[in-house]
Amino acid sequence: MHRRHFAVLACVVLCCAAAAGAQSSSAALTVIRAGTLIDGTSDAPAHNKLIFVRGERIEKLAEAGAAIPEDAKVIDLSSATVLPGLIDSHTHIFLWGEDPKKGGYDANILNAGIAQRAARATAAVRRALEQGFTTLRDLETEGAGYGDVEIKAAIEEGAIPGPRLFVVTRAISTTGGYNLEGYAPELDMPKGAQLIDGPVSARKAAREQLDHGADWIKVYMTHRSWVDRAGNLVSQPTLTVEELRAIVDETHGWGKKVACHAYNGIGMQRALDGGCDSIEHGLELTDANIAQMLKQGTWYCPTIVPYLQNWPTEDTPGGKRDRKRASVHEPSFKKALTAGVKIVFGTDMGGIPWSEPEAEEFVYMVNYGMKPMDAIRSATSRAAVMLDMQGEIGVVAAGAYADVIAVPGDPLKSIAELKNVKFVMHNGSVFRNDAGR
Ligand SMILES: [Zn+2]
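Quick caveat: nothing in here was measured; it's all calculated off a predicted structure.

## Some details on the coordination of the zinc ion
Piece 1. Donor atoms from the polypeptide that bind the zinc ion are His90 (NE2), His92 (NE2) and Asp348 (OD), placed at 2.1 to 2.3 Å.
Piece 2. Each donor residue of the zinc ion belongs to the same chain, with the gaps between them written as H-x1-H-x255-D. Linking His92 in the loop between β5 (86-91) and α2 (104-110) with Asp348 in the loop between β16 (342-343) and α10 (360-367), this pair joins segments that are 256 residues apart in sequence. One exposure class covers both His92 and Asp348, and it is buried.

Following this line, the structure appears as structure tokens:
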């Protein structure tokens, strides 16, 4: 952009910002009475707080006895536990379950056209929001092209309700590295990701996706997995380190980050050597993997629940694989937790039907040894840091977006209470209120 044009644009932006600022200071005030407040960063909950919301932001917090202006709207959550809106760092709004009885993954692409898929995505984002998830990092459209950019635009223009979205568009893998597969070789089947071969084609795919609105880039570093003769889990690696480095270099140049699906073994090592910012699933992490993640500051999004579903019978290769995957995932999570790897909450919803409760993942994280407050932070302030939104989302504090939810009970006593969200405010607007008055 020419410098002079930039100066003109900067003035327009500043003038608009000033106008918006003037408008928000006169915007209506809403005050939430929070009986218990888990603010997303503190070690312990606070009690009897007032949350002042003006426009789409939190203006301030105050003690329960503070003066409330007469014209303020008051929402009484004094008998509830109030939290920041939750962040799910691994979803697929364009996927509609992978139940083998309903055609598995392939049915998503083969049996639904783009309008049906968009309608499903519209339902998925609404479903996430009503469960208290006010931000999603949606990790690829599975053959629905750049549809996520458009669903995000529809939410932002107010056409449909939904959370704040961070989108990756098409995702990247290699020839032989993604579905659909297993069909006659003469058939040119659609693929659920953009396939590349070689660093030049890898960089081009990243550029295309960033150009068309990707907030993150998603790369599949492993694909098929099986149990070998010695009983070990083996995963087929996909991109070479050189291919991945081209993507990471390009994406970092745009000031954005790379999420890498990686199970274990060679592909995991390439993911770490190539500089992935987050490891998705990480089913089997060695001590050396964990040491490298700590050194490089790599995020870990484990997604436990999807690996506990749809197992074939035990005497089949798929049955053996699925049991093995689950059996190595739990100790990997525990080792990473103990070592202090930065763990974020992610569900892989979409792979799991959207009708299922998104908060189920919390139950497994806590069962595997994570403290409830830490599990909440993994879906609030810690995820906000990963998304470069620290202080703006995942926290109930002055200046943050007013993403506020409530549950009737105490999630620190029973983390499953987070399946019971009764109040959702997103960007200062009440989306659902079955709890307050
Ligand atoms: Zn996924």
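## Brief notes about the nonpolar core
Piece 1. Grouped together as the largest cluster of nonpolar side chains are 71 residues, with contacts concentrated most on Ile93, Ile151, Val219, Ile247 and Phe362.
Piece 2. At 5 residues, helix α3 (residues 114-130) tops the list of elements feeding residues into this core.
Piece 3. Residues in contact with Ile93, not counting those within four places in the same chain, are Arg120, Ala121, Ala124, Val125, Leu136, Asp138, Ile151, Leu165 and Trp354.

## Structural notes on the sheet that holds strand β7 (residues 164-167)
Piece 1. Taken in spatial order, the 3 strands line up as β5-β6-β7 in an open sheet, and their pairing is parallel. Looking at strand neighbours, the two that pair on one side only are β5 and β7, the edges of this open sheet. In this sheet, adjacent strand axes meet at a mean angle of 15° when their direction is disregarded.
Piece 2. Direction of pairing for β5 relative to strand β6 (residues 133-138): parallel, over a ladder of 4 bridges. Paired with Asp88 across the bridge in β6 is Leu136.

## A few points about the side chain of Gln131
Piece 1. One can find Gln131 in the loop between α3 and β6.
Piece 2. You can call Gln131 buried: its relative accessible area is 11%.
Piece 3. Other than its neighbours up to four places away in sequence, Gln131 contacts Glu356, Pro357, Glu358 and Val421.

## With respect to the pairing of strand β18 (residues 423-426)
Piece 1. Every second residue of β18 is oriented toward a common face, with Phe423 and Met425 on one face and Val424 and His426 on the other, all of them buried.
Piece 2. Hairpin geometry of β18 and strand β19 (residues 429-433) is characterised by an intervening segment of 2 residues between the two adjacent antiparallel strands and by a positive phi of about 50° at Asn427.

## A word on the pairing of β19
Piece 1. Alignment of β18 against β19, held across 4 bridges, turns out to be antiparallel. Bridge pairing in β19 links Val424 to Arg432.

## With respect to the pattern of salt bridges
Piece 1. Under the definition given, this model contains 23 salt bridges.
Piece 2. Residue Glu330 pairs with Lys334 through a salt bridge whose shortest N-O separation is 2.8 Å. Here Glu330 pairs with Lys334, and both are found in helix α9 (residues 317-339), just 4 residues apart, close to one helical turn.
Piece 3. We note a salt bridge from Arg382 to Asp374, for which the minimum N-O separation is 2.3 Å. Comparing Arg382 with Asp374 shows no difference in burial state: the two are buried.
Piece 4. Taken together, the shared-partner salt bridges connect Arg203, Arg207, Asp249 and Glu250 into one network.

## Focus on the layout of surface pockets
Piece 1. Empty space within the largest pocket amounts to approximately 1000 Å³.
Piece 2. In terms of lining, the largest pocket is formed by 35 residues, of which the most central are Glu98, Asn179, Tyr263, Arg321 and Arg325.
Piece 3. Of all elements in the fold, only α2, β10 (216-220), β11 (222-227) and α9 reach the threshold of two or more residues within the lining of the largest pocket.
Piece 4. Each residue belonging to the lining of the largest pocket can be placed in one class, and the counts come to 11 nonpolar, 14 polar and 10 charged.
Piece 5. Each pocket or cavity is described by its volume, and for the second largest pocket that value is around 440 Å³.
Piece 6. Around the second largest pocket sit 20 residues that line it, and Ile155, Glu156, Gly162, His426 and Asn427 are the ones nearest its centre.

## Section: the confidence of the model for the chain
Piece 1. In the predicted model, the chain carries a mean pLDDT of 94, and 94% of its residues have values of at least 70.
Piece 2. For the stretch residues 1-23, pLDDT sits under 50, and the model shows 2 contacts to residues farther than four places along the chain or on other chains.

## Comments concerning the sheet that holds β18
Piece 1. On the basis of which strands lie adjacent, the open sheet formed by 7 strands has the order β3-β2-β1-β4-β17-β18-β19 and mixed pairing. Either end of the sheet is taken by a strand with one partner, and the two such strands are β3 (57-63) and β19. Within this sheet the neighbouring strands show an average axis-to-axis angle of 30°, counted without direction.
Piece 2. In terms of strand pairing, strand β4 (residues 73-84) meets strand β17 (residues 404-407) through 4 bridges, oriented antiparallel. Looking at the pairing, Thr81 lines up with Val407 of β17.
Piece 3. Along the sheet, α3 contacts β18 and β19; its crossing angle with β19, the most-contacted strand, is approximately 80°.

## Topic: the environment of Tyr183
Piece 1. Mapped onto the elements of the fold, Tyr183 is located in the loop between β8 (172-174) and β9 (194-196).
Piece 2. When its relative accessible area of 33% is taken as the criterion, Tyr183 is described as partly exposed.
Piece 3. Those residues in contact with Tyr183 that sit more than four places away from it in its chain are Asp106, Leu110 and Met189.
Piece 4. A polar atom in the side chain of Tyr183 sits 2.6 Å from the side chain of Asp106.

## Focus: the state of the cysteines
Piece 1. Summed over the entire model, instances satisfying the criterion amount to 1 disulfide.
Piece 2. As a non-bridged cysteine, Cys301 has Cys260 as the owner of its nearest cysteine sulfur, 12 Å distant.
Piece 3. For Cys301, a relative accessible area of 0% gives the class buried.

## Things to note about the packing of aromatic side chains
The description of two aromatic rings rests on the distance between their centres and on the angle between their planes.
Piece 1. Enumeration according to the criterion identifies 7 aromatic pairs in this entry.
Piece 2. Between the aromatic rings of Tyr263 and Tyr307, the centroid separation amounts to 5.6 Å while the plane-to-plane angle is 85°, which identifies the pairing as edge-to-face. Of this pair, Tyr263 sits in the loop between β13 (257-262) and α7 (265-273) while Tyr307 is found in the loop between β15 (299-301) and α9, placing the two residues 44 residues apart along the sequence. The two residues Tyr263 and Tyr307 agree in class, both being buried.
Piece 3. Three or more aromatic residues link up through ring pairs in this structure, and these residues are Tyr105, Tyr178 and Tyr220.
Piece 4. Sitting over the face of the ring of Phe52, Lys60 holds its NZ or CZ atom 4.6 Å from the ring centroid.
Piece 5. The ring of Trp299 carries Lys342 above its face, with NZ or CZ at 3.9 Å from the centroid.

Rules behind the numbers
Residues numbered from 1 in each chain as written. Predicted model: local features only at pLDDT ≥ 70, side-chain atom pairs only at ≥ 80, totals over all residues. Heavy atoms only, no water. Donors = N, O, S within 2.8 Å, 3.2 Å for Na, K, Ca; no water. Helix = DSSP H or I, 4+ residues; strand = E, 2+ residues; numbered from the N terminus. Buried < 20%, exposed > 50% of the residue type's maximum accessible area, 1.4 Å probe, protein only. Core = buried A, V, L, I, M, F, W, Y, C linked by side-chain atoms within 4.5 Å. Contact = heavy atoms within 4.5 Å. Pairing = 2+ DSSP bridges. Axes fitted to C-alpha atoms, helices over the stretch in contact; angles between N-to-C directions. Salt bridge = Lys/Arg side-chain N within 4 Å of Asp/Glu carboxyl O. 1 Å grid on protein atoms, 1.4 Å probe; cavity = no way out; pocket = protein on both sides within 12 Å on 5 of 7 lines; lining within 4 Å. Points joined across faces, edges and corners; volume = space filled by probe spheres on them. Nonpolar A, V, L, I, M, F, W, Y, C, P; charged D, E, K, R; others polar. pLDDT = per-residue confidence, 0-100. Polar contact = N/O pair within 3.5 Å; in protein donor to acceptor, adjacent residues only side chain to side chain. Disulfide = S-S within 2.5 Å. Phe/Tyr/Trp six-rings, centres within 6.5 Å; stacked < 30°, edge-to-face > 60°. Lys NZ or Arg CZ within 6 Å of the ring centre and 35° of its normal.

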